[in-house]
Amino acid sequence: MDRVLSMSRCLVCGVDTPSFLSFGRMPIANGFLEAKDFEREHFFNLDVGFCPACKMVQLTELVERERMFHESYAFFSSTSQRMQTHFKAFAESVRTRYLADVSDPFVVEIGSNDGIMLQNFKGWGVRHLGVEPSANVAAVAQGKGIRTVSSFFDDELAQKILADDGQVSAFMGANVMCHIPYMHAVMSGIKRLLAPRGVLVFEDPYLGDIVEKTSYDQIYDEHAFYFSVGSVEDLVARHELELIDVEAQPVHGGSMRYTIAHRGARPVSPAVEKQRERERELGLERAETYARFRQNVERSRTDLVALLTELKRAGKRVAAYGATSKSTTVTTYCSIGPDLISYISDTTPIKQGKFSPGAHIPVVPHAHFAADRPDYTLLFAWNHAQEILDKERAYREAGGRFILYVPNVHVV
Ligand code: SAH
Ligand code: TYD
Ligand code: ZN
């Protein structure tokens, strides 16, 4: 049962790390493509492992970063209204907690995308810099007057920033730290640049939520790490940094915000130990937890495929909503293709008219969905359920149903 599927070296501590779950051959999660490119689609093995030493959950095979983050990156942060509100509050909390007593503060956001967070600092007249390798989304931010450099953040770029702009009062990152397998280059760059009382505040989907809710679709090429408080504490300590606060966030199905400072520079909140205790209860430090997670993932697949197959048999029209990167893991792992889901509705122009990675389900504009009104809609953007269910009240009142699969397969 606990068969070792593959083995690699832990990206953090170098210890042999066996995978506990293999999803098989997987395409690039955000690799929406045209029919002419089906033949040359790139695949890799999506396997996830647990390091027995530093407890970091991570991918055991990686995709080169240039294949994922480039000039036609498909994810634009500002497509969700709720995320705009979330990032405004994030920016406000950093400003009031950590910048109030700093004269001429300087903030750097890693993975700033279309400027969803930094637009707030720009509005307040705070010196800022976004670091965003995907040139097309970086250009949107630049178009809004947000100072953005289109590069990957690493130790080398950190030295350049230090020379050009000086020390950093606050580093921020959202849904990006987990994307960077070369974490030591990032942490040493941050250590070098951070002002004596400066902070790094970042958030990512939280391992505790992924395990508790069986949200296995958070696992895909871009997400090299699945962080917990324990593993982040260990990682930053290797760079003479210290985890001083943690705060759960309701976005993306359950995220954790981590605040980090130079070791000894700031008091450590009791929230850190409290969450560590919660992680011990959840068993995040034990391999058995991940064996159980795998069983839950297999059950989720069985239930979802059974429901979709039954709806098809009953002659129902079924579509999907939100061409998320997460959905690539679901469609590929569950073998859900255009026979079960006729199309995916999505508001992102760059995805429309293309096909989903691997499964090759057509991605259509929302107007198509609104006119078609399928009987059932599989909600791939389940992390935005509240926003979408509110928006689609008319569809639901007319009898349309949404299918969700987190934390289990159900219809609303
Ligand atoms: N922060 C935004 C975007 C998250 S998507 C949000 O939460 O909505 C992840 C972003 O990180 C992408 O725009 C990607 O291009 C960027 N990214 C990936 N690797 C990076 C690296 N090494 N340095 C900086 N940004 C990176
Ligand atoms: P999201 O779940 O944020 O990210 P990921 O790709 O990391 O899994 O993606 C949401 C997708 O859903 C994005 O392509 C935009 C789309 N979307 C809609 O089509 N309509 C909506 O109302 C919302 C909120 C999102
Ligand atoms: Zn390790």
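Everything below is about the structure printed above this text.
Residues numbered from 1 in each chain as written. Chains lettered and ligands numbered in written order. Predicted model: local features only at pLDDT ≥ 70, side-chain atom pairs only at ≥ 80, totals over all residues. Heavy atoms only, no water.

S.K.: Please explain the packing of aromatic side chains as it appears in this structure.
M.R.: Any pair of aromatic rings gets described here by the distance separating the centres and the angle formed by the planes. Applying the stated criterion across every chain, the model contains 21 aromatic pairs. Judged by centre distance (5.7 Å) and plane angle (75°), the ring pair of Phe153 and Phe171 falls under edge-to-face. In this pair, Phe153 is assigned in the loop between β7 (148-149) and α5 (155-165) and Phe171 in strand β8 (residues 168-174), connecting sequence segments 18 residues apart. With respect to class, Phe153 is no different from Phe171; both count as buried. Each residue in the set Phe20, Phe50, Tyr290 and Phe293 is aromatic and connected to the rest through ring pairs, giving one cluster. A cation over a ring is seen here: Arg95 above Trp124, with NZ or CZ 4.4 Å from the ring centre. (Phe/Tyr/Trp six-rings, centres within 6.5 Å; stacked < 30°, edge-to-face > 60°. Helix = DSSP H or I, 4+ residues; strand = E, 2+ residues; numbered from the N terminus. Buried < 20%, exposed > 50% of the residue type's maximum accessible area, 1.4 Å probe, protein only. Lys NZ or Arg CZ within 6 Å of the ring centre and 35° of its normal.)

S.K.: I'm lost on the coordination of the zinc ion (ligand 3) in this one. Help?
M.R.: Donor atoms from the polypeptide that bind the zinc ion (ligand 3) are Cys10 (SG), Cys13 (SG), Cys51 (SG) and Cys54 (SG), placed at 2.3 Å. Its four donor atoms give the zinc ion (ligand 3) angles of 100 to 119° at the centre, a pattern that matches the tetrahedral case. Taken in sequence order, the residues that donate to the zinc ion (ligand 3) follow the motif C-x2-C-x37-C-x2-C. (Donors = N, O, S within 2.8 Å, 3.2 Å for Na, K, Ca; no water. Tetrahedral: all angles 85-135°; square planar, octahedral: opposite > 155°, others 65-115°.)

S.K.: Would you explain the site of ligand 1 in this entry?
M.R.: What surrounds ligand 1 is a group of 21 residues, the closest being Ser77, Glu132, Ser134, Ala174 and Asn175. Within the side chain of Asn175, one N or O atom sits 2.8 Å away from an oxygen atom of ligand 1. In the complex, the protein chains occlude 98% of the 570 Å² of accessible area that ligand 1 would expose alone. Here the shell around ligand 1 is composed, by residue class, of 13 nonpolar, six polar and two charged. (Near = heavy atom within 4 Å. Polar contact = N/O pair within 3.5 Å; in protein donor to acceptor, adjacent residues only side chain to side chain. Areas by Shrake-Rupley, 256 points an atom, 1.4 Å probe, with all protein chains shown as cover. Nonpolar A, V, L, I, M, F, W, Y, C, P; charged D, E, K, R; others polar.)

S.K.: How should I be thinking about the site of ligand 2 in this particular structure?
M.R.: Around ligand 2 sit 20 residues, and of these Ser325, Lys326, Asp346, Lys351 and Lys391 come closest. About the coverage of ligand 2: the protein hides 96% of its 570 Å² of free accessible area. Broken down by element, the shell around ligand 2 gets its largest block of residues, three residues, from helix α13 (residues 385-391). Of the residues that constitute the shell around ligand 2, the class distribution is six nonpolar, nine polar and five charged. A domain split of the shell around ligand 2 shows at least three residues from each of domain 1 (77-282) and domain 2 (289-411). (Domains from an automatic or database assignment.)

S.K.: What should I look at first to understand the sheet that holds strand β1 (residues 7-9) in this one?
M.R.: Working definition: the strands of a sheet are paired by backbone hydrogen bonds and lie parallel or antiparallel to each other. Taken together, five strands build an open sheet; the order of strands is β1-β2-β3-β4-β10 and the sheet is antiparallel. The two strands at the open ends of the sheet, each matched to only one other strand, are β1 and β10 (225-226). Pairing of β1 with strand β2 (residues 16-27), which is carried by three bridges, proceeds in the antiparallel orientation. Counted as the bridge partner of Met7 is Pro18 from β2. Sitting on the sheet, helix α10 (residues 287-313) touches β2, β3 (43-50) and β4 (57-59), and the angle it makes with β2 is about 20°. (Pairing = 2+ DSSP bridges. Contact = heavy atoms within 4.5 Å. Axes fitted to C-alpha atoms, helices over the stretch in contact; angles between N-to-C directions.)

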